[in-house]
Amino acid sequence: MAELKNVYIYLENGTYLEAKSFGASKTEVGEIVFNTSLTGYQEIMSDPSYAGQFVTFTMPEIGNVGVNDQDMESLKAHAKGMLVRKYQDRYSNFRAEDSLAAFLEKYNVMGICDIDTRFLTKMLRKEGAMMMIASTEISDKDELKKVLESSPRIEDVNYIEQVSTKEAYVHSQSTYAATEFKYDEAPTQQAKIAVIDFGVKRNILNEIVSAGIGVEVIPNDFIAEDLIEKYNNKLIDGVFLSNGPGDPLVLKKEQEQIKKLIAAKVPMFGICLGHQLLSISHGYDTFKLKFGHHGGNHPVKNEKTGFVEITAQNHNYNVPDNIVEIADITHTNLFDGTIEGLKYKDEPIFSVQHHPESSPGPKESRYIFSEFLSLIKR
């Protein structure tokens, strides 16, 4: 491995740091968050929901297992960069095809190492997620501050336009069988849905197919009337609203179209951003959490069964408590008591804030995809 370049970091609270760069050489501005997942750095970096963000990993050793094409959650890496305590360039895994550094270089994403991630995480927990700039080109603190202050904040950018598909396509791949190191055969389709792509993860699509549902993925600039016509003519049985990056309040056009789907009683299921957009479209605006939920170890109580599920999470925004006026809470976050799942009253609509496809993370919530099939069959 070649000698690492210096990289200079400035956070909006005035913190100035120097570290080493193992990814793309450039200058980037984004929001810094932390993720507590023990595994799955490739899935995290290729999750479109992280567009516009730097991800601080609390797991100290990153890079050990390299990267491979099968573990991609989308076509490329979307995060602005990653910050890790120690980067390991000499990977060791029989599925590995390349190093994490080569992966970041390929997708022009920054990699920052030899930095105190424990310090960063404690600061973010205390002060909240914030904007930052990282540069291999600018070392002067005042210049970094000037560039950061003149750059748009994450809530000012519509990242959905960058991550959504431009053309509709059919997804037919099922879930990956870890014991056989190949993808399962897709089961017989019992229903068909349209997936609105706000930055959908590939494994969400795999889980939907695995539940026996046919999938057509469509762009974020969908026309509600087209979907309502398809639903009335039994060409589709429902609509799925995907995860995605950024502030959901920015997505005014999408909200207007979702309102029409709600009025037409089209069965819908939303995850993460989709969950938030359903709330907003019902008239209940979301709010930003202090530092969000990012990781694969978050306890969530299923209010219907009483069981606690360990879940994967990746979000900075949440739906308000007063949404109980129109919806029943199905899941609750046991870390902070925030709402994690809703079933709307007198409507064929439900949603969850966490990620039941869990890539990476435990698979305890994947039953939710079968619940969607049960809903649209009813």
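Above this text is the structure in question.
Below you will find a few notes about this structure. Worth saying up front: this structure is predicted, and the values here are computed from it rather than measured. (Residues numbered from 1 in each chain as written. Predicted model: local features only at pLDDT ≥ 70, side-chain atom pairs only at ≥ 80, totals over all residues. Heavy atoms only, no water.)

## Observations regarding the side chain of Glu309
- Within the secondary structure, Glu309 is located in strand S18 (residues 308–318).
- Buried and unpaired, Glu309 has Lys304 as its nearest opposite-charge partner, separated by 9.4 Å.
- Of the polar contacts made by the side chain of Glu309, one reaches the side chain of Tyr367; its length is 2.5 Å.
- Discounting chain neighbours no more than four positions away, the residues touching Glu309 are His298, Pro299, Val300, Asn302, His331, His354, Glu364, Ser365 and Tyr367. (Helix = DSSP H or I, 4+ residues; strand = E, 2+ residues; numbered from the N terminus. Buried < 20%, exposed > 50% of the residue type's maximum accessible area, 1.4 Å probe, protein only. Lys, Arg positive; Asp, Glu negative; His and termini not counted. Salt bridge = Lys/Arg side-chain N within 4 Å of Asp/Glu carboxyl O. Polar contact = N/O pair within 3.5 Å; in protein donor to acceptor, adjacent residues only side chain to side chain. Contact = heavy atoms within 4.5 Å.)

## Some words on empty space enclosed by the protein
- All chains considered together, the criterion is met by three cavities of 30 Å³ or more.
- The calculated volume of the largest cavity comes to roughly 150 Å³.
- Elements with a contribution of two residues or more to the lining of the largest cavity: helix H9 (273–281), strand S17 (287–302) and S18.
- Ranked by residues supplied to the lining of the largest cavity, first place goes to S18 with four residues.
- Within the lining of the largest cavity, the residues separate by chemical class into six nonpolar, nine polar and two charged.
- Lining the second largest cavity are 16 residues, and of these Lys201, Gln313, Asn314, Ser359 and Pro360 lie nearest its centre.
- Those elements that place two or more of their residues in the lining of the second largest cavity are helix H1 (41–45) and S18.
- The element best represented in the lining of the second largest cavity is S18, accounting for three residues.
- For the lining of the second largest cavity, the per-class residue count stands at four nonpolar, eight polar and four charged. (1 Å grid on protein atoms, 1.4 Å probe; cavity = no way out; pocket = protein on both sides within 12 Å on 5 of 7 lines; lining within 4 Å. Points joined across faces, edges and corners; volume = space filled by probe spheres on them. Nonpolar A, V, L, I, M, F, W, Y, C, P; charged D, E, K, R; others polar.)

## Quick word on the layout of surface pockets
- Roughly 760 Å³ of volume is contained in the largest pocket.
- Of all elements in the fold, only H1, strand S5 (61–62), strand S11 (176–177) and helix H6 (202–210) reach the threshold of two or more residues within the lining of the largest pocket.
- Top element by residues in the lining of the largest pocket is H6. It accounts for four residues.
- Its boundaries defined by the atoms lining it, the second largest pocket holds a volume of some 420 Å³.
- Glu73, Ser74, Leu75, Tyr169 and Val200 are, among the 20 residues lining the second largest pocket, the residues nearest its centre.
- Elements represented by at least two residues in the lining of the second largest pocket include exactly helix H5 (160–163), strand S10 (169–171) and H6.

## Notes on the packing of aromatic side chains
- A full pass over the atoms with the stated rule returns ten aromatic pairs.
- Seen in terms of ring centroids, Phe269 and Phe350 are 4.5 Å apart; in terms of plane orientation they differ by 10°. Their pairing is stacked. Taken together, the positions of Phe269 in strand S16 (residues 268–271) and Phe350 in strand S21 (residues 349–352) put the pair 81 residues apart, joining distant regions of the chain. Exposure class is identical for Phe269 and Phe350. Each is buried. (Phe/Tyr/Trp six-rings, centres within 6.5 Å; stacked < 30°, edge-to-face > 60°.)

## Re the environment of Lys26
- Position of Lys26 among the secondary structure elements: in the loop between strand S2 (16–21) and strand S3 (27–35).
- Here Lys26 falls in the buried class, since its relative accessible area comes to 12%.
- Each C-alpha atom of the pair Lys26 and His275 lies 35 Å from the other, and the pair is 249 residues apart in sequence.
- Side chain to side chain, Lys26 and Glu28 meet in a polar contact 2.7 Å long.

## Some words on helix H10 (residues 367–377)
- Where H10 is concerned, the buried positions are Ile368, Phe369, Phe372, Leu373, Leu375 and Ile376. Taken end-on, H10 shows its buried residues confined to a sector of 160°, consistent with a single buried face. (Arc of directions from axis to C-beta.)

## Topic: the environment of Phe54
- Of note, Phe54 is situated in strand S4 (residues 53–57).
- Sequence separation of Phe54 and Met131 is 77 residues, and the distance between their C-alpha atoms is 9.1 Å.

## Some remarks on the sheet that holds strand S1 (residues 5–11)
- Spatially, seven strands are ordered S1-S2-S8-S6-S4-S3-S9 in a closed barrel, and the strand pairing comes out mixed. The mean inter-strand angle of the sheet, taken between neighbouring strand axes irrespective of direction, is 35°.
- Looking at chain direction, S4 and strand S6 (residues 81–83) are connected through three bridges and run parallel. Bridge pairing links Thr56 to Leu83 in S6. (Pairing = 2+ DSSP bridges. Axes fitted to C-alpha atoms, helices over the stretch in contact; angles between N-to-C directions.)

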